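# Coordinates in review
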Amino acid sequence: MTDAADLRGRTADLLAAHPPATTERLAFLRARFDAGLAWVHFPEGLGGLDAPRSLQAVVDAELEAAGAPGNDPGRIGIGLGMAAPTILRYGTDEQKQRLLRPLWTGEEVWCQLFSEPGAGSDLAALATRAVRDDGGDWIVDGQKVWTSSAHLARWAILIARTDPGLPKHRGISYFVCDMTDPGVEVRPLRQITGEAEFNEVFLTGVRIPDTQRLGEVGEGWKVARTTLMNERVAIGGARIPREGGMIGVAAADWRARPELRTHDLHQRLLKLWVEAEVARLTGERLRQQLTKGQPGPEGSGMKLAFARLAQEISGWEVEFLAEDGLTYDDWTMRRPDGVDFTGREAGYRYLRAKGNSIEGGTSEVLLNIVAERVLGLPPEPRTDKDVAWKDLPR
């Protein structure tokens, strides 16, 4: 059984063989993956050592203290938080060997082709079609929307309808799509921030080999649920220090600008600080639960809390800073690598946080999940459960 002492020894061996000061960044990351120190809870040979997930913090602390390079999780978060756990659970041995290493090192960026113009909150109503040809490949046609990092991505996780004669949740299959293939077109979607971090993706006759399918044909919704549960943990359950993240920025503003303080703003900041700390500690408990298996619906509660707090804290900050809170650095159309909630100005945080209650599952949908699957309340009536997708009114 791998323990903390063993991991410290393995980390020391990695640092001795590949000194961060003299080793090229990508070479170090590859060596770290091969040493099983990328995801210690993953199997041996796939970046891990079959160790308890909780011991990842031991490795991370040792490498940070040594000044080792990171893999830029803000840029490759979809691959790390959504694609990797899905590939690990449902992928073939060949898929795991081919995809996981360059995913973790950041050599290949991933995006998520799930939402569609007519299938956002009701994702299972998606209309993108995948039809199998005589050679066994799948020919995909459709449109996806709100796709983060599609302009950077080499690979995408994709769900498409393979049997319109079945009810909507049962006629879906799950694929890995090569974003460089003919027929894939990425167009930017400019947001309220002025940037185009999201995209819409058009798929026209895209050929996907059956070897790039995850899970069984028609069981894509089951596979997608694994992705979605991990997505909500990735968005709402990131590990941050006490008074970290957006509440840390707000607290720093308060300390730096005593001339702007009022009693009302003070009381509201204290309330937000306590709620942010409760959310942080709840996230720590959720991560401890993850050491025992796959994430459950509790991640939806964390994502709900994250979205609400981000919007309330950013609103407080804009109000506290008065006219300074209304400034904005640059409305130039840009296609950024990721989202930076703490390194930009208050105006950016306020505008970008508006999307937090939509992306990764709307707050309304997540409230239903918490009510039904965590609290055990009666489910909402669903008249389309047993109706073939092709017969649904659209």
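Above this note sits the structure.
Figured I'd write up the structure that's included with this text. All values reported here derive from a predicted model rather than from experimental measurement.

A tally of regular secondary structure across the protein chain gives 11 helices and 8 strands. Over its C-alpha trace the protein chain gives a radius of gyration of 22 Å, about what one expects of a compact globule, namely 21 Å for 394 residues. For the C-alpha atoms alone, the extent of the protein chain along its principal axes is close to 70 × 55 × 45 Å. Each of the 394 residues in the protein chain was classed as buried or not, and the buried ones make up 51%. By sequence separation, contacts in the protein chain at least 24 residues apart represent 70% of the contacts at least 6 residues apart. Summed over its atoms, the accessible surface of the protein chain is roughly 18,500 Å², and 53% of this surface lies on carbon and sulfur atoms. Placing the 49 positive and 57 negative side-chain charges of the protein chain at their respective mean positions leaves the two points 3 Å apart.

On the surface, Val374, Leu375 and Leu377 cluster together into a nonpolar patch covering about 280 Å² of accessible area. Residue position: Leu377 is located in the segment after α11 (363–374).

Right, let's get into the packing of aromatic side chains. Evaluation of the coordinates by the stated rule reveals 12 aromatic pairs. With a centroid separation of 6.1 Å and an interplanar angle of 75°, the aromatic rings of Phe33 and Trp39 are classed as edge-to-face. Look at Trp39 and you get buried, because its relative accessible area is 9%. A network of ring pairs unites the aromatic residues Phe33, Trp39, Phe42 and Trp104 as a single cluster. Sitting above the plane of the Phe202 ring, Arg187 keeps its charged end 4.0 Å from the centroid. Sitting over the ring of Tyr348, Arg344 keeps its end group 3.9 Å from the ring centre.

Per the stated rule, a full pass over the model turns up 0 disulfides. We note that Cys111 lacks a disulfide partner, and the nearest cysteine sulfur, in Cys177, lies 7.8 Å from it. For Cys111, a relative accessible area of 0% translates into the label buried. Classification of Cys177 by relative accessible area gives buried; the value is 0%.

Where helix α4 (residues 77–90) contacts helix α5 (residues 93–105), the two axes come as close as 10 Å, and the packing angle between them is 165°. Between α4 and α5, the interaxial angle falls into the category roughly antiparallel. Every pair of crossing elements has a handedness; the one defined by α4 and α5 is left-handed. Each of Gly79, Leu80, Ala83, Ala84, Ile87, Leu88 and Tyr90 in α4 lies in contact with α5, whose residues at this interface are Gln95, Lys96, Leu99, Leu100, Leu103 and Trp104.

Here we take up α4. Between the first and last C-alpha of α4 there are 19 Å, a value that for 14 residues agrees with the 20 Å anticipated at 1.5 Å per step. Along α4, the sharpest kink reaches roughly 40°, centred on Ala83 and followed within four residues by the proline Pro85. Looking only at α4, the buried set comprises Ile78, Gly79, Leu80, Gly81, Met82, Ala83, Ala84, Pro85, Thr86, Ile87 and Tyr90.

All right, on to the pattern of salt bridges then. As enumerated under the stated definition, the model contains 36 salt bridges in all. Linking Asp324 and Arg257 is a salt bridge whose minimum nitrogen-to-oxygen distance equals 3.3 Å. Taken together, the positions of Asp324 in the loop between α9 (298–320) and α10 (346–352) and Arg257 in the loop between α7 (245–256) and α8 (263–290) put the pair 67 residues apart, joining distant regions of the chain. The partly exposed category is assigned to Asp324, whose relative accessible area is 37%. Classification of Arg257 as partly exposed rests on a relative accessible area of 25%. Residues Arg280 and Glu277 are paired through a salt bridge, measuring 2.8 Å at the closest nitrogen-oxygen approach. A residue pair is termed a helical-turn pair when its members lie 3 or 4 positions apart in one helix, as Arg280 and Glu277 do in helix α8 at 3 residues. The same class applies to Arg280 and to Glu277, which are both buried. Residues participating in the shared-partner salt-bridge network are Arg98, Glu108, Arg154 and Asp178.

Cut-offs used in this document
- Residues numbered from 1 in each chain as written.
- Predicted model: local features only at pLDDT ≥ 70, side-chain atom pairs only at ≥ 80, totals over all residues.
- Heavy atoms only, no water.
- Helix = DSSP H or I, 4+ residues; strand = E, 2+ residues; numbered from the N terminus.
- Rg over C-alpha atoms; globule rule 2.2 N^0.38 Å.
- Buried < 20%, exposed > 50% of the residue type's maximum accessible area, 1.4 Å probe, protein only.
- Contact = heavy atoms within 4.5 Å.
- Areas by Shrake-Rupley, 256 points an atom, 1.4 Å probe, with all protein chains shown as cover.
- Lys, Arg positive; Asp, Glu negative; His and termini not counted.
- Charge placed at Lys NZ, Arg CZ, Asp CG, Glu CD.
- Patch = residues over 30% accessible without salt bridge, like charges linked within 9 Å, V, L, I, M, F, W, Y side chains within 5 Å.
- Salt bridge = Lys/Arg side-chain N within 4 Å of Asp/Glu carboxyl O.
- Phe/Tyr/Trp six-rings, centres within 6.5 Å; stacked < 30°, edge-to-face > 60°.
- Lys NZ or Arg CZ within 6 Å of the ring centre and 35° of its normal.
- Disulfide = S-S within 2.5 Å.
- Axes fitted to C-alpha atoms, helices over the stretch in contact; angles between N-to-C directions.
- Parallel < 35°, antiparallel > 145°, perpendicular 65-115°, else oblique.
- Left-handed = near helix turned anticlockwise from the far one by under 90°.
- Expected span 1.5 Å × (residues − 1).
- Bend = angle between axes of the 7 residues up to and from the residue.

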